[in-house]
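If you want the building blocks of each chain, they are given just below.
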Amino acid sequence: MSAKPLPGFRDFYPAELAERAHVMRVWREVARRYGFVEYDGPPLEPLDLYTRKSGDEIVGQLYNFVDKGDRPVALRPEMTPTFARMVAARANALRKPVRWFSMPQLFRYERQQKGRLREHFQLNVDMVGEADVTADAELLAVAIDMLRGLGLTQHDVRARVSDRRLLAALLARVGVTEAQLPAAYQAIDKVERDPRTVLVERLAGAGVGGDVAERLLDLARLWSVDELRATHGDDAAVSEALDRFARYQAHLTALGVHEWVVLDLTIVRGLAYYTGIVFELFDARGEFRAICGGGRYDTLLKALGDVDLPALGFGMGDVVLGELLRARGLMPSLAPTLDYWLAVEDAELLPVAQSTASLLRRLGHAVEYPLREQALNKQLKAAVNAGAREAVILRREALAGRGEVLVRALSDGQESAHQLGAWLEARIAEAGGAHGVSPA
Ligand code: HAM
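Residues numbered from 1 in each chain as written. Predicted model: local features only at pLDDT ≥ 70, side-chain atom pairs only at ≥ 80, totals over all residues. Heavy atoms only, no water.

Asks: Tell me about the site of the ligand, and please be specific about residues and values.
Replies: By nearness alone, 25 residues border the ligand, and Glu-78, Thr-80, Glu-110, Asp-126 and Tyr-274 come closest of all. Taking Arg-108, its side chain carries an N or O atom lying 2.9 Å from an oxygen atom of the ligand. The separation between an oxygen atom of the ligand and a polar main-chain atom of Cys-292 is 3.3 Å. Within the complex, 96% of the 660 Å² of free accessible area of the ligand lies under protein. For the shell around the ligand, the secondary-structure elements that each account for two or more residues are strand 7 (119-128), strand 11 (292-296) and strand 12 (311-317). Considered class by class, the residues forming the shell around the ligand number 10 nonpolar, nine polar and six charged. (Near = heavy atom within 4 Å. Polar contact = N/O pair within 3.5 Å; in protein donor to acceptor, adjacent residues only side chain to side chain. Areas by Shrake-Rupley, 256 points an atom, 1.4 Å probe, with all protein chains shown as cover. Helix = DSSP H or I, 4+ residues; strand = E, 2+ residues; numbered from the N terminus. Nonpolar A, V, L, I, M, F, W, Y, C, P; charged D, E, K, R; others polar.)

Asks: I'd love a proper account of the nonpolar core, names of residues and values included.
Replies: Membership of the largest hydrophobic core comes to 81 residues, with the highest contact counts inside it found for Phe-314 and Met-316. In contact with Met-316, not counting residues within four places along its chain, are Trp-27, Phe-121, Gln-122, Leu-123, Ala-143, Met-146, Leu-147, Ile-291, Cys-292 and Leu-321. Counting residues in each nonpolar core, the second largest holds 31 residues, with Leu-49, Met-79, Val-278 and Tyr-297 among its members. (Core = buried A, V, L, I, M, F, W, Y, C linked by side-chain atoms within 4.5 Å. Buried < 20%, exposed > 50% of the residue type's maximum accessible area, 1.4 Å probe, protein only. Contact = heavy atoms within 4.5 Å.)

Asks: Could you give an account of the pattern of salt bridges, naming the residues involved and the relevant values?
Replies: Oppositely charged side chains may form a pair once their charged atoms are brought near each other. Under the defined criterion, the tally for this structure stands at 36 salt bridges. With a closest N to O distance of 2.8 Å, Asp-264 and Arg-160 form a salt bridge. Separated by 104 residues along the polypeptide, Asp-264 in the loop between strand 9 (261-263) and strand 10 (277-283) and Arg-160 in strand 8 (residues 157-163) bring together distant segments of the chain. For Arg-160, a relative accessible area of 12% translates into the label buried. (Salt bridge = Lys/Arg side-chain N within 4 Å of Asp/Glu carboxyl O.)

Shown next, in the form of structure tokens:
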């Protein structure tokens, strides 16, 4: 038997699961603040849910097989098609705008590298039913607030934002034809990675002439809306897209997240279904891969469920985010914590420890006691190792009916002696009443 999980898959030991739980707790809490409700779907889906709309890259990474009923199926590589299908199926009954979130585990057979595994947990936050850029601003704000909730600031993370309609209008203006758009998008997407000469060659291969190629690659630098307006604003389609983008920026300012955001036309997004504003979040130093990506996909519900509703959303994975939080010292070390460790001076006191533990647990405390006979000093060591706040030593006199306990705070070693009954009464009072619990 292999001692390791498959390449690209993780074991989550308790400390690692605690980190994942910390991130998910913040995701869930911030989603709630924005009025998003949680949903889930099946981890296994019909293969054609992805082949129809997701784009070649993700389809090439599918874990797919034919099931015992001869159905071509795939483990979900992303949540968006499932989300679109679910919403489309009940489109009329759902309150609009739909604000849903989910935290699925996703599977992609990709080349394993830093920040990329073959499974990851991905927060998905999506909205349906609002075409205005107010929704795009709300969506980016919730993503940024989640990072804030995890302790990151605008100095740690950049939200790089573009608009496919703006880019299409600009590309048309510099001479790119409709048929050349996919090649142009691909070249712009690769501007940071590949040398310019390689890109020009590749574009030439797709029939884009040298002049047009140079001008389109010039678009791939940081622009301000004003600068773009001054150079390309006389084009009606560009001007309309810039007006929309300026309104988007105004909403981001009002929502208090504009300091995180830059306009970056190199953000194209690999997935095929995006139609409008798109964005990716990166660490500001450029050390890691994308933390988060998303955008508007106004035609996907029509393609998958035959309902015409605008939609937008993003995915934020746990892998890169975890790397960044650890690198910045923002991942809390989550040692297991226990409220009380009940130690016994004598093995005959075990039933007293058990009934005491039972009562304390009913009051909501986390409690352990020794499961077999052990020297007291060993028990106290176990209490420290378990991260217990207090050790409660049940003393031998209890056997004589005097019920004495010694409570030792494990942070500073302070001790106090009590009658067991009185100490338990105090715990019940602390918990705000008896809740049907009595110390007897
Ligand atoms: P995506 O850009 O493919 O978008 O993934 C979103 C995020 O998930 C990435 O930025 C990255 O943090 C994480 N991620 C993706 N693949 C992996 C991997 N193999 N290993 C680790 N982390 C990964 C989507 O999936 C869209 N469906 C998001 C979306 C939701 N768009 C609209 N709604």
